[in-house]
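Next come the chains, spelled out residue by residue.
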Amino acid sequence: MTDELSTLKSETAAALAACADLRSWDAVRVGILGKSGRLTALLKQLGALPPEERRQRGAALNVLKDELAAAIESRRAALEAEALNAKLARESLDVTLPPRPAASGLIHPISRTMEEMAAIFGAMGFEIAEGPDIESDWLNFSALNIPAHHPAREDMDTFYLPAREPGGRRRVLRTHTSPVQARTMLSRTPPFRVIVPGRTYRADHDATHSPMFHQVEGLVLDRNITLGHLKGCLIDFLRAFFAIADLPVRFRSSYFPFTEPSMEVDIGWNRRTGELGGGGDWLEILGSGMVHAKVLANCGIDAREWQGFAFGMGIERVTMLKHGIPDLRPFYDSDIRWLRHYGASPLTPAILHEGV
Ligand code: DAH
């Protein structure tokens, strides 16, 4: 190596050693390898040399270039490591400090009840089905064997929409989740088991009624379904939902246009204390029955092959009973204090017990 090259090498080493940070390091790098750097300048002069000399000098410059590049790179790594160590030494973490309180949201009791129902019925092989809040009056009433002028239509305090469907049918805000029974039968082939949680609407507003409320509907269609299946399914559900293994359940003969026979279902409670379970009093909790042959026919299902049962219940009502919530109105007030009190943690599972 000529003196000139070894001078360049030692001066580069000295300059690198003198760098205190990545900024000055970069200035050294540019000064050697950059466009107007010292090594670059030497390489540019090669072209002017006679061939033999150019070959020798070229080889020597290439060796030097590799060496300088390696030295520059290793200095960069060392400076980076130094910078990191200095940063780590500067910053410290006090692991004894208490954590900052993390704001966590809570699940609204209505959503929570729906989740619990999905978990319990899901374990029994049910799927979730859905339908729109705005229905034709055919699906909301007629398909379910509630003909025009039937008293049940008035009982339901229906909100009618001003605009009709393209085919001329009137439209309503669904008064119950039952139209999704018809939708399911019309769009699927049995066997199936579905539950339908959703919003429902009736023109009724006081301490115990809200014009918008929630129901869950259930529908099972299969071969050879009997009243025994209905009873077993609902008893299991009610005991799992209220987490009372021996909750008394009573089936009371009733009337719904869409089921035959129809039954209302009561659970045991103590009227005086409000406690569920024993106590000798009965509380009506849901409606149910074997799907009416006319409903099956309206939905194109052959009643000789398929039978089923259906049920429907109010979500607010069972939620209030389960959690001892005295008033219906705060469900829709978005009052943060009420939500904090009755909301459920998103981290606890929907059902804590293996009831089903
Ligand atoms: N749709 C009824 C209501 O809103 C509840 C109901 C009763 C649903 C009996 C059913 C049933 O599926 O079988 O009051």
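Use the structure listed above.
No experiment lies behind these values; they were computed from the predicted model shown. (Residues numbered from 1 in each chain as written. Predicted model: local features only at pLDDT ≥ 70, side-chain atom pairs only at ≥ 80, totals over all residues. Heavy atoms only, no water.)

S.K.: Explain the overall build of the chain residue by residue, including any values.
M.R.: Across its full length, the chain holds 12 helices and nine strands. A compact globule built from 356 residues should have a C-alpha radius of gyration of about 21 Å, whereas the chain, at 39 Å, is more than 25% larger. For the C-alpha atoms alone, the extent of the chain along its principal axes is close to 115 × 55 × 40 Å. Residue burial in the chain is summarised as follows: out of 356 residues, 39% are buried. Of the contacts made within the chain by residues no fewer than 6 positions apart, 65% connect residues no fewer than 24 positions apart. (Helix = DSSP H or I, 4+ residues; strand = E, 2+ residues; numbered from the N terminus. Rg over C-alpha atoms; globule rule 2.2 N^0.38 Å. Buried < 20%, exposed > 50% of the residue type's maximum accessible area, 1.4 Å probe, protein only. Contact = heavy atoms within 4.5 Å.)

S.K.: Account for the nonpolar core, naming residues and giving values.
M.R.: One finds Phe-121, Phe-237, Leu-238, Phe-242 and Phe-311 to be the most contacted residues of the largest nonpolar core, which totals 41 residues. Of all the elements in the fold, those that place two or more residues in this core are helix 5 (109-123), strand 5 (212-222), helix 9 (227-241), strand 6 (249-256), strand 7 (259-269), strand 8 (281-291), strand 9 (307-314) and helix 11 (315-323). Once residues within four sequence positions are removed from consideration, Phe-242 is found in contact with Leu-247, Ile-267, Leu-276, Ile-285, Val-318, Leu-321 and Lys-322. Ranked by size, the runner-up nonpolar core spans 25 residues in total, among them Ala-152, Met-156, Cys-299 and Trp-306. (Core = buried A, V, L, I, M, F, W, Y, C linked by side-chain atoms within 4.5 Å.)

S.K.: Provide a residue-level description of the sheet that holds strand 6, including the pertinent values.
M.R.: Overall, mixed pairing links the seven strands, which are arranged 1-4-5-9-8-7-6 in an open sheet. Of all strands in the sheet, those bounded by a partner on one side alone are strand 1 (127-128) and strand 6. Relative to strand 7, strand 6 is paired through seven bridges, and the arrangement is antiparallel. Looking at strand 7, one finds that Arg-252 is bridged to Glu-264. Strands in contact with helix 8 (residues 179-187) are strand 4 (192-201), strand 5, strand 8 and strand 9; relative to strand 5, the strand with the most contacts, it is inclined by about 35 degrees. Packing against the sheet, helix 11 makes contact with strand 4, strand 5, strand 8 and strand 9, and its axis sits at approximately 65 degrees to strand 9. (Pairing = 2+ DSSP bridges. Axes fitted to C-alpha atoms, helices over the stretch in contact; angles between N-to-C directions.)

S.K.: If you had to explain the site of the ligand to someone new, which residues and values would you point to?
M.R.: Taken together, 15 residues are adjacent to the ligand, and His-176, Ser-178, Gln-181, Arg-202 and Glu-217 come closest. Between the ligand and Gln-181 there is a distance of 2.9 Å, counted from an oxygen atom to a side-chain nitrogen or oxygen. Contacts to the ligand include Phe-311, whose backbone N or O atom sits 3.3 Å from an oxygen atom. Coverage of the ligand by the protein chains reaches 90% of its 350 Å² of free accessible surface. (Near = heavy atom within 4 Å. Polar contact = N/O pair within 3.5 Å; in protein donor to acceptor, adjacent residues only side chain to side chain. Areas by Shrake-Rupley, 256 points an atom, 1.4 Å probe, with all protein chains shown as cover.)

S.K.: Which residues make up helix 9, and what values do they have?
M.R.: Helical periodicity: at 3.6 residues per turn, an α-helix aligns residues three or four positions apart in one direction. Along its 15 residues, helix 9 runs 21 Å from first to last C-alpha, staying within 8% of the 21 Å computed at 1.5 Å per residue. Considered for burial, the residues of helix 9 that qualify are Leu-230, Cys-233, Leu-234, Phe-237, Leu-238, Ala-240 and Phe-241. On an axial view of helix 9, the arc spanned by its buried residues comes to 165 degrees, and they lie on one face. Looking at the buried side of helix 9, the elements it contacts are helix 5, strand 6, strand 7, strand 8, strand 9 and helix 11. Capping the start of helix 9, Thr-226 holds a side-chain oxygen 3.1 Å from the backbone nitrogen of Gly-228, two or three residues further along. (Expected span 1.5 Å × (residues − 1). Arc of directions from axis to C-beta.)

S.K.: Let's hear about the pattern of salt bridges: which residues, and what values?
M.R.: Counted by the stated rule, this structure contains 23 salt bridges. In this structure, the salt-bridge partner of Glu-264 is Arg-252, at a minimum N-O distance of 3.1 Å. Highlighted residues: Glu-264 in strand 7 and Arg-252 in strand 6, separated in sequence by 12 residues. Glu-264 sits in the buried class, given a relative accessible area of 16%. Taking the shortest distance from any N to any O, the salt bridge between Arg-329 and Asp-327 comes out at 3.4 Å. On the basis of relative accessibility, which here comes to 25%, the residue Asp-327 falls in the partly exposed class. Salt bridges sharing common partners tie together Arg-112, Glu-115, Glu-116 and Lys-322. (Salt bridge = Lys/Arg side-chain N within 4 Å of Asp/Glu carboxyl O.)

S.K.: Before we move on, can you summarise the side chain of Ser-210 with the specific residues and values?
M.R.: Positionally, Ser-210 belongs in the loop between strand 4 and strand 5. Here the side chain of Ser-210 touches Met-212 through a polar contact of 2.4 Å, landing on its backbone oxygen. When residues no more than four places from it in sequence are discounted, the contact partners of Ser-210 are Arg-202, Asp-204, His-205, Leu-328 and Tyr-332.

S.K.: I'd like a description of helix 3 (residues 38-45), backed by residues and values.
M.R.: By the burial criterion, the buried members of helix 3 are Leu-39, Thr-40 and Leu-42. Down the axis of helix 3, the smallest arc covering the buried residues is 160 degrees, so these residues share one side. Turning to helix 3, the residues buried within the fold contact helix 1 (3-18), helix 2 (22-33) and helix 4 (51-90).

S.K.: Which residues make up the packing of helix 1 against helix 2, and what are the values?
M.R.: Axis separation between helix 1 and helix 2 bottoms out at 10 Å; the angle between their running directions is 165 degrees. Here helix 2 runs roughly antiparallel to helix 1, going by the angle between their axes. Judged by the twist between their axes, the crossing of helix 1 over helix 2 is right-handed. The residues of helix 2 that touch helix 1, namely those facing Leu-8, Thr-12, Ala-15 and Leu-16, are Trp-25, Val-28 and Ile-32. (Parallel < 35°, antiparallel > 145°, perpendicular 65-115°, else oblique. Left-handed = near helix turned anticlockwise from the far one by under 90°.)

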